[in-house]
Amino acid sequence: MDTIPRGTSRIISMRPATRPVQQYLGSMLDHLEVCRVRKVCKSWNLMLGSKGFRNLNLEGRENVRELLSRFGDHIGAFETRHVSLRFCAALEMSDLKLLENFKNLESVNLDYCQKIKNDGIRILVENWSYPLRLSLFWMPWIDGKGIEHLKTIKTLRHLNISGLTHLEDKEIARLIQSSGGQLTYLDLTRIKNVGTHTLRAVGQQCTRLQTLRLYACEQFSDEGLRLMAKGCRDLRHLDLCGAKGLSDKGIKAVAMYCRSLDTLNLTWCINLTDESLIALANCPLLCHLSIHGNKHMSDRGIQALRRGCGRIKTLDINGCCSLSLRTLESLRQLFPELNELVPL
């Protein structure tokens, strides 16, 4: 058997691989290896171009600084649009300066990066040329001083600051007011201080908003929801789970202004009654609805809902003890397109 001389490449030659083989091998490569393999031939370059570097996932990596540095210096960095650094416990604030090498970067995910504090948000903004999407999920150590740095960004379309529990209502409102009016997605989950100031700002500035998550935001009122709904008439997805201060009045405002709703989560909105379901019959595009845990909703409300919302596909009625219509078969008589009874 021929032996390979010491110090030479172990790959002497390779016949052109079939596309399935290329795809299988390509799926096993990290981004830096893809850089090298794309240089082999035109076929490999075209096939791996889609994997390329549009999405650079460094989630949970220990050597994140080294990877950002090495990849940022590579020609492939020009193609990168999204960088995920979520759960990177080793990521330092100074490491964010390396993002300046990704000239066309649009999206950054810093979810639960424990060493990124208020000043890290300033460094991020200073080294990010074209921000469109930002996720700061569950970083409760970041407060109003950190969020203040985001006010200089006017291009954001997708913002997730869920779990930033120390933010005040007026601080969030000021951020929204300075956002540039481009937001289509906003996640404020578990920010307990969300109130009328925030929702008024959303209604005034976020007229293009399609998704709003207010999960476990307990303090906002019907009036705040009305102000939001009046300005966000293109809203498609609304999560109000756990809104204890919400009444039928607030849902009536949503139904009046947000006629394009596709998904609505009313789980544990314990003050709602059949009047809310009657109002929601004015949302003909509604497909996914949760009324989980709402004891004051009955068959009367469900019967009224079907008159305008015949396109319901998923429905969560767990914990609705006043309902007798509880089986998939019985509810399909009202909603022919109903697929399943599941949590949203």
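Reading guide: rules and limits
Residues numbered from 1 in each chain as written. Predicted model: local features only at pLDDT ≥ 70, side-chain atom pairs only at ≥ 80, totals over all residues. Heavy atoms only, no water. Buried < 20%, exposed > 50% of the residue type's maximum accessible area, 1.4 Å probe, protein only. Helix = DSSP H or I, 4+ residues; strand = E, 2+ residues; numbered from the N terminus. Contact = heavy atoms within 4.5 Å. Pairing = 2+ DSSP bridges. Axes fitted to C-alpha atoms, helices over the stretch in contact; angles between N-to-C directions. Parallel < 35°, antiparallel > 145°, perpendicular 65-115°, else oblique. Nonpolar A, V, L, I, M, F, W, Y, C, P; charged D, E, K, R; others polar. Salt bridge = Lys/Arg side-chain N within 4 Å of Asp/Glu carboxyl O. Core = buried A, V, L, I, M, F, W, Y, C linked by side-chain atoms within 4.5 Å.

(A) Molecular detail of helix 10 (residues 248-257). Within helix 10, 7 of the 10 residues are buried, which leaves the element mostly enclosed by the surrounding structure. Within helix 10, the full set of buried residues consists of Asp248, Gly250, Ile251, Ala253, Val254, Ala255 and Tyr257. On its buried face, helix 10 is in contact with helix 9 (222-231), strand 8 (237-239) and helix 11 (274-280).

(B) Examining the sheet that holds strand 11 (residues 314-316) more closely. The strand order across the open sheet built from 11 strands is 1-2-3-4-5-6-7-8-9-10-11, with neighbouring strands paired in parallel fashion. Each having just a single partner strand, strand 1 (55-57) and strand 11 make up the two edges of the open sheet. Ignoring strand direction, the axes of neighbouring strands in this sheet form an average angle of 5°. Two elements, strand 9 (residues 263-265) and strand 10 (residues 288-290), share 3 bridges in a ladder whose sense is parallel. If you follow Leu264 over to strand 10, its bridge partner there is Leu289.

(C) Representation of the packing of helix 8 (residues 196-205) against helix 9. At a minimum axis separation of 7 Å, helix 8 and helix 9 run at an interaxial angle of 10°. When the axes of helix 8 and helix 9 are compared, the pair comes out roughly parallel. Contacts between helix 8 and helix 9 involve Thr196, Leu199, Arg200, Val202 and Gly203 from the first element and Gly224, Leu225, Leu227, Met228 and Gly231 from the second. Tallied by class, residues from the contact of helix 8 with helix 9 come to 5 nonpolar, 4 polar and 1 charged.

(D) Highlighting the pattern of salt bridges. The tally for this structure, following the rule as stated, stands at 17 salt bridges. Its salt-bridge partner being Asp119, residue Arg122 comes within 2.7 Å of it at the nearest N-O pair. Residue Arg122 and its partner Asp119 are located together in helix 5 (residues 118-126), separated by 3 residues, close to a single helical turn. For Arg122, a relative accessible area of 27% gives the class partly exposed. Here the salt bridges share partners, and the residues they tie into one network are Glu59, Arg86 and Asp111.

(E) Region of interest: the nonpolar core. Counting 97 residues, the largest nonpolar core has Leu85, Leu240 and Leu289 as the members making the most contacts within it. Where this core is concerned, the elements lending two or more residues are helix 4 (64-72), helix 5, helix 7 (169-177), helix 8, helix 9, helix 10, helix 11 and helix 12 (299-306). In this view, Leu240 contacts Leu214, Phe220, Leu225, Leu246, Ile251, Leu264, Asn265, Leu266, Thr267 and Cys269; residues no more than four positions away in its chain are not counted.

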